[in-house]
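# Survey of secondary and tertiary structure
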Amino acid sequence: MSSTLLEVTRASHEEVERLERVIVKDLQNEPASNKDRLFQSHRVRNMIDTITSTTHKLIEIYEDNDNARKDEIAALGGQTATGVNNVFSAFYDRLKEIREYHRKHPVARVVDANDDYEALLKEEPQIEFSGEEAFGRYLDMHELYHQYINSKFGEPIEYSAYLDIFPEADKIPRKKKMTRQYREYMENLLEYLLYFFQRTEPLQDVDRIFSKVTTEFEENWAAGKVHGWENENQENGHAPAQHAALDLDYYSTVEELMEVGPERLKEALAALGLKTGGTIQQRAERLFLTKHTPLEKLDKKHFAKGARASEKKGVAPVPQEDANSKEIALMEAKMKKLCDLLEETIARTKDNVVKKQALTYEEIEAEREEEETQEDTESEDEEQQIYNPLKLPMGWDGKPIPYWLYKLHGLGQEFKCEICGNYSYWGRRAFERHFKEWRHQHGMRCLGIPNTKNFNEITSIEEAKELWKKIQQRQGVNKWRPDLEEEYEDKEGNIYNKKTYTDLQRQGLI
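None of these values were measured; they are calculated from a predicted model. (Residues numbered from 1 in each chain as written. Predicted model: local features only at pLDDT ≥ 70, side-chain atom pairs only at ≥ 80, totals over all residues. Heavy atoms only, no water.)

Another point: helix α1 (residues 5–27). Each α-helix winds once per 3.6 residues, and so residues spaced three or four apart point in a common direction. Taking 1.5 Å of rise per residue, 23 residues should cover 33 Å, and α1 covers 33 Å from first to last C-alpha, within 8% of that figure. Every buried residue belonging to α1 is among E7, T9, S12, V16, R18, L19, V22, I23 and D26, and all of these are buried. (Helix = DSSP H or I, 4+ residues; strand = E, 2+ residues; numbered from the N terminus. Expected span 1.5 Å × (residues − 1). Buried < 20%, exposed > 50% of the residue type's maximum accessible area, 1.4 Å probe, protein only.)

Written as C-alpha cells, this is what we have:
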C-alpha cells in the first residue's frame, strides 16, 4: 500500500500540509524565555528543512524521468504493457496488495492529529552551547583571542579589549593581512561567528544575507572602494581595468602614444599581460602593436611570464596576490556583516566579561547557577500570587509599593466622583488629576456643561447643574436673543445676524 508511487506522493503532500499547520500553531505561541525562543526557532527550522526535502522528492516524482508514475496511473485503469485493458485484474491486484500490507502491519493504527501536534510542540531540539556561551547569551571567543595575541598581526591586549577591536579588521596593516597566519585566523573567526549565528537565529537565511554582501563587495571592489583595500591593484603594480586600459583609437602614431608617459604605458601593458620593461619608445611600440593585431596573434616574446593562459582570452592575467587579497577582503566583509547582526550579543558579552573581572570564583559560579535556574523559574514566578495583605498599589516593578510611600501620598483616602459614575480615586493627587482625564470630561459632556476650572472640586451632578445655571444668569445668556443669535445669509453667501441684516436691507445695500 505505502510502497506504491501514488501512495508515496499522497503521504508526502499530507506530511507537508501537516508540518505547515504545526509551524503556524507553534509560531502563535509567545515564548516565555530565551530558551523557549531558541527551542521554538529550531523546531520551526527543522520542520522547514523537512518540508524542503519532501518537496524535492515530490518534484522528482512529478518529473517522472523513469516513467514509473505514468505506468502506475495506467495500471489503475487496467491498461497493461501490451495495451490490453483488464480492469478486474487490476482491481484484484490492488486488493491483494492492500491485504498483504495489513497482514505485515497488523498493529498499525491511526494517529490523532492533535496528539501529534502536541508532541511536536513539546519537542526540545538538541542545541550545543558551551558553558561560556550560556545558551546563546554570550560569545565564547577565547580560542580566537589566544590566536590573535600570539600572532604577528595581533598585539598583547586584554580579552575585554579584544572584544572591542576584533570587528575592526581594517585597522590591521595590509602587509600583515597577506600572511597565511592572518588568513587562517579570519577563516576561524568567520566560521565561529557563522556557527553561533546559525545556532541562535536558525530562521535567518544566511545564504541570502551573504549573497547580498558578496554582490555589494564585488561592486565596491571593482570601483576600488572597499574600506581598507582601496586601490589594492595599484599598490601591487596592476592598475584596475577602468584606469589601466588605454583607448588606442585616439592615437595614430607611436610618437603620440609616447606623450602619455612611461608610468601610464607601464600600467596599460601590465593590464594586457605584456612586458612592461624598456624605454618609453619601446613600451609605446609594444602597446601600439595591439591596436591592429589581436593579442592571440602577437609574438610570445612580447608577453610577460605566466601570461600565456590569459593572452588567449585577451585579458590581463590576475596575479595570485590580487586573488588572495580579494578573498581575504570578502571574508572581512562577511565577518563585519555578522558582527552587525550580533551587535547586541557582542555588547552583552563585553558587559559580562567586565562584570566577571570584579567577581571571585565562588561568586562567578553562584551567578552561573542562578542564570541557569532563572529562565526555568521565570514563567513560574509570573504565575505565583504576590503576598499583599494590605492591598497596597503595585509599583513599576510589579511589586507592592512601600507602606511609608503609601501613607505619604495618602493613598488610603478614597474620593468618589458622581459625575464619573461613582468611580473611586485613591489619594489626593489622583483625585485632582482626574478632573482633566477622559472619564470626567465625558461625564461633563453628557450633562451639557463645559469642563472649565470653575467646576474643579465639584463631584456632585446637582451641584454642577446649579453652578452652571448661576454662571449662565451672571453672563446673561440664559435667554434666547434672536436679534443677535439668529443668522441670515445674502445672495453672495455672507453671514449676518438678524439686526445687521435688517439694517443693511433697509439701506438697500443687500
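There is more to say, and it comes next.
With that settled, consider the side chain of T200. As for its position among the elements, T200 is in helix α9 (residues 180–200). Residue classification places T200 among the buried positions, given a relative accessible area of 6%. A distance of 2.9 Å separates the side chain of T200 from the backbone oxygen of F196, its partner in a polar contact. When residues no more than four places from it in sequence are discounted, the contact partners of T200 are R37, L38, F129, G136 and L342. (Polar contact = N/O pair within 3.5 Å; in protein donor to acceptor, adjacent residues only side chain to side chain. Contact = heavy atoms within 4.5 Å.)

This part takes up the pairing of strand β2 (residues 423–426). Direction of pairing for strand β1 (residues 414–417) relative to β2: antiparallel, over a ladder of 4 bridges. Bridging from a neighbouring strand, E414 pairs with W426 of β2. Counting the residues that bridge the hairpin from β1 to β2 gives 5 residues, and of these G421 lies at a positive phi of roughly 80°. (Pairing = 2+ DSSP bridges.)

Nonpolar side chains tend to gather and get buried jointly when the protein is soluble and globular. In this structure, M141, Y162, F166, Y185, L189 and L193 are the most contacted members of the largest nonpolar core, which totals 43 residues. Listed by contribution, the elements that provide at least two residues to this core are α2 (34–63), α6 (142–149), α7 (159–165), α9, α10 (206–223), α17 (320–341) and α18 (343–356). When residues in this core are grouped by element, the largest group, 9 residues, is from α9. Beyond its immediate stretch of four places on either side in the chain, M141 contacts Y159, Y162, L163, F166, L189 and Y192. (Core = buried A, V, L, I, M, F, W, Y, C linked by side-chain atoms within 4.5 Å.)

Moving on to helix α22 (residues 438–447). Those residues of α22 that fall on the buried side of the exposure criterion are H440, G443 and M444. The arc enclosing the buried residues of α22, seen along the axis, measures out at 95°, which places them on a common side. Set apart from the buried face of α22 by more than 90 degrees, the exposed residues are W438, R445 and C446. In this structure, the buried side of α22 is in contact with β1. Downstream of α22 by one or two residues, G448 has phi in the positive range, about 75°. (Arc of directions from axis to C-beta.)

What follows deals with the confidence of the model for the protein chain. Across the protein chain, the average pLDDT comes to 78, with 82% of residues at 70 or higher. Ranking the elements of the protein chain by mean pLDDT puts helix α12 (residues 241–244) last, at 44, and β1 first, at 91. Counting interchain partners and residues more than four positions distant, the pLDDT-below-50 stretch residues 308–321 has 24 contacts. (pLDDT = per-residue confidence, 0-100.)

Right, let's get into the packing of aromatic side chains. Within this structure, the stated rule accounts for 19 aromatic pairs. Note on Y488 and Y501: the rings are 5.0 Å apart at their centroids and 15° apart in plane angle, and the pair reads as stacked. Placement of the pair is Y488 in strand β3 (residues 487–489) and Y501 in helix α25 (residues 498–506), with a sequence separation of 13 residues. Judged by its relative accessible area of 28%, Y488 falls in the partly exposed class. For Y501, a relative accessible area of 15% puts it in the buried group. Grouped by ring-pair contacts, the aromatic residues Y145, Y148, F153, Y159, Y162, F166, Y182 and Y185 constitute a single cluster. When the ring centre of F135 is taken as origin, the NZ or CZ atom of K35, which lies over that ring, is 5.7 Å away. One Lys or Arg, R439, reaches over the ring of Y423 and ends 3.9 Å from the middle of that ring. (Phe/Tyr/Trp six-rings, centres within 6.5 Å; stacked < 30°, edge-to-face > 60°. Lys NZ or Arg CZ within 6 Å of the ring centre and 35° of its normal.)

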